[in-house]
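# Tertiary structure, described
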Amino acid sequence: MEVYVLRLGHRIGRDQRISTHVALTARALGAKGIYFTRMDEKLFESVRKVVRNWGGNFFIEVAEWRKLLREFEGLKVHLTMYGIPLPEKIEEIRRAEKLLVVVGAEKVPKEVYELCDLNISIGTQPHSEVSALAIFLDRVVGQTFTLSFNDAKLKILPSERGKKVLKLKD
Ligand SMILES: C[S@@+](CC[C@H](N)C(=O)[O-])C[C@H]1O[C@@H](n2cnc3c(N)ncnc32)[C@H](O)[C@@H]1O
């Protein structure tokens, strides 16, 4: 399954840290790339630096959300606490070959609920785009503990205590 993420409504300054975490969570839990609705040079560079050091081909780019939602050829899933609980739709979602997962920041436009195929909740309490995305990807992709990243410069050697990091190349 190919998974992409659309991050709606990033606010420069205010959302920089959480948007970075959305992007890093997407990468670490198996998405191929993330679309932002606006450019933020600093954020894009910090995510690309992680990709250079820790490997893989994860991309981060800007997209016009209406156009992306209209033209994406695959299943479009919007994460919202108002939606249908994930367990009720997980079999359908797992059958998709291509998936676009949409997460918001501030209030999500009504149109998004219409343009997406499914509106899915990760519990019915408000929490965060990072936690919603992480739980969704872990349940749907299921590769949190098995993914490996090609061309990594850094790799962690899991240890009981301390930090063991292999430096593979410059
Ligand atoms: C901090 S919330 C803001 C949501 C905003 N108040 C609204 O009504 O659209 C940011 C994003 O986190 C995600 N989110 C938060 N809680 C969620 C939940 N229980 N289930 C699914 N997604 C959730 C949604 O993608 C949401 O757009």
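These remarks concern the structure in this document. (Residues numbered from 1 in each chain as written. Predicted model: local features only at pLDDT ≥ 70, side-chain atom pairs only at ≥ 80, totals over all residues. Heavy atoms only, no water.)

Moving on: the nonpolar core. Counting residues in each nonpolar core, the largest one holds 35 residues, and the members touching the most others are Val77, Ile93, Leu99 and Phe136. Take this core: its biggest share by element is six residues, from helix α6 (residues 129–140). Every residue in contact with isoleucine 93, bar those within four places of it in the chain, is listed here: Met1, Leu75, Val77, Leu86, Leu99, Leu118, Ile120, Phe136 and Val140. Among the nonpolar cores identified, the runner-up in size contains 15 residues, and Leu6, Tyr35, Phe72 and Cys116 belong to it. (Core = buried A, V, L, I, M, F, W, Y, C linked by side-chain atoms within 4.5 Å. Buried < 20%, exposed > 50% of the residue type's maximum accessible area, 1.4 Å probe, protein only. Helix = DSSP H or I, 4+ residues; strand = E, 2+ residues; numbered from the N terminus. Contact = heavy atoms within 4.5 Å.)

Around the ligand lies a shell of 19 residues, among which Leu79, Gly104, Ile122, Gly123 and Gln125 are the nearest. With respect to the ligand, the backbone of valine 108 contributes an N or O atom lying 3.4 Å from an oxygen atom. Note that an oxygen atom of the ligand is positioned 3.1 Å from one of the backbone N or O atoms of glutamate 129. With the chains in place, 80% of the 570 Å² that the ligand exposes on its own is no longer accessible. Only β4 (75–85), β6 (118–121) and α6 provide two or more residues apiece to the shell around the ligand. Considering each element in turn, the shell around the ligand owes the most residues, four residues, to β4. When grouped by side-chain class, the residues that make up the shell around the ligand number nine nonpolar, seven polar and three charged. (Near = heavy atom within 4 Å. Polar contact = N/O pair within 3.5 Å; in protein donor to acceptor, adjacent residues only side chain to side chain. Areas by Shrake-Rupley, 256 points an atom, 1.4 Å probe, with all protein chains shown as cover. Nonpolar A, V, L, I, M, F, W, Y, C, P; charged D, E, K, R; others polar.)

A few words now on α6. In this model α6 runs 16 Å from its N-terminal to its C-terminal C-alpha over twelve residues, within 8% of the 16 Å that 1.5 Å per residue would give. Looking only at α6, the buried set comprises Glu129, Val130, Ala132, Leu133, Phe136, Leu137 and Val140. Along the long axis of α6, the arc covered by the buried residues comes to 165°, so they all point the same way. Where α6 is buried, its residues touch β1 (2–7), α1 (16–28), β4, α4 (86–94) and β5 (98–103). The N-terminus of α6 is capped by serine 128, whose side-chain oxygen sits 2.9 Å from the backbone nitrogen of valine 130. (Expected span 1.5 Å × (residues − 1). Arc of directions from axis to C-beta.)

Within this structure, the stated rule accounts for seven salt bridges. As a salt-bridge pair, aspartate 15 and arginine 11 come within 2.7 Å of each other at their nearest N and O atoms. Taking the shortest distance from any N to any O, the salt bridge between lysine 67 and glutamate 71 comes out at 3.2 Å. Here the residue lysine 67 and the residue glutamate 71 both occupy positions in helix α3 (residues 65–71), the gap between them amounting to four residues, near one helical turn. (Salt bridge = Lys/Arg side-chain N within 4 Å of Asp/Glu carboxyl O.)

Our next topic: the packing of aromatic side chains. Going through the model one piece at a time under the given rule, you end up with five aromatic pairs. Geometrically, the ring pair formed by tyrosine 35 and phenylalanine 59 is edge-to-face, given 5.3 Å between the ring centres and 65° between the ring planes. Note that tyrosine 35 is positioned in strand β2 (residues 33–36) and phenylalanine 59 in strand β3 (residues 59–62), a separation of 24 residues in sequence. Here tyrosine 35 falls in the buried class, since its relative accessible area comes to 13%. Taking relative accessible area as the criterion, phenylalanine 59 reaches 22% and is therefore assigned partly exposed. By way of ring pairs, the aromatic residues Tyr4, Tyr35, Phe59 and Phe72 are connected into one cluster. One residue, arginine 27, lies across the ring of phenylalanine 149, its end atom 4.2 Å from the ring centre. Geometry around phenylalanine 72 places lysine 98 over its ring, the cationic atom sitting 5.0 Å from the centre. (Phe/Tyr/Trp six-rings, centres within 6.5 Å; stacked < 30°, edge-to-face > 60°. Lys NZ or Arg CZ within 6 Å of the ring centre and 35° of its normal.)

In short, the description is geometric, and any link to function would need to be established separately.
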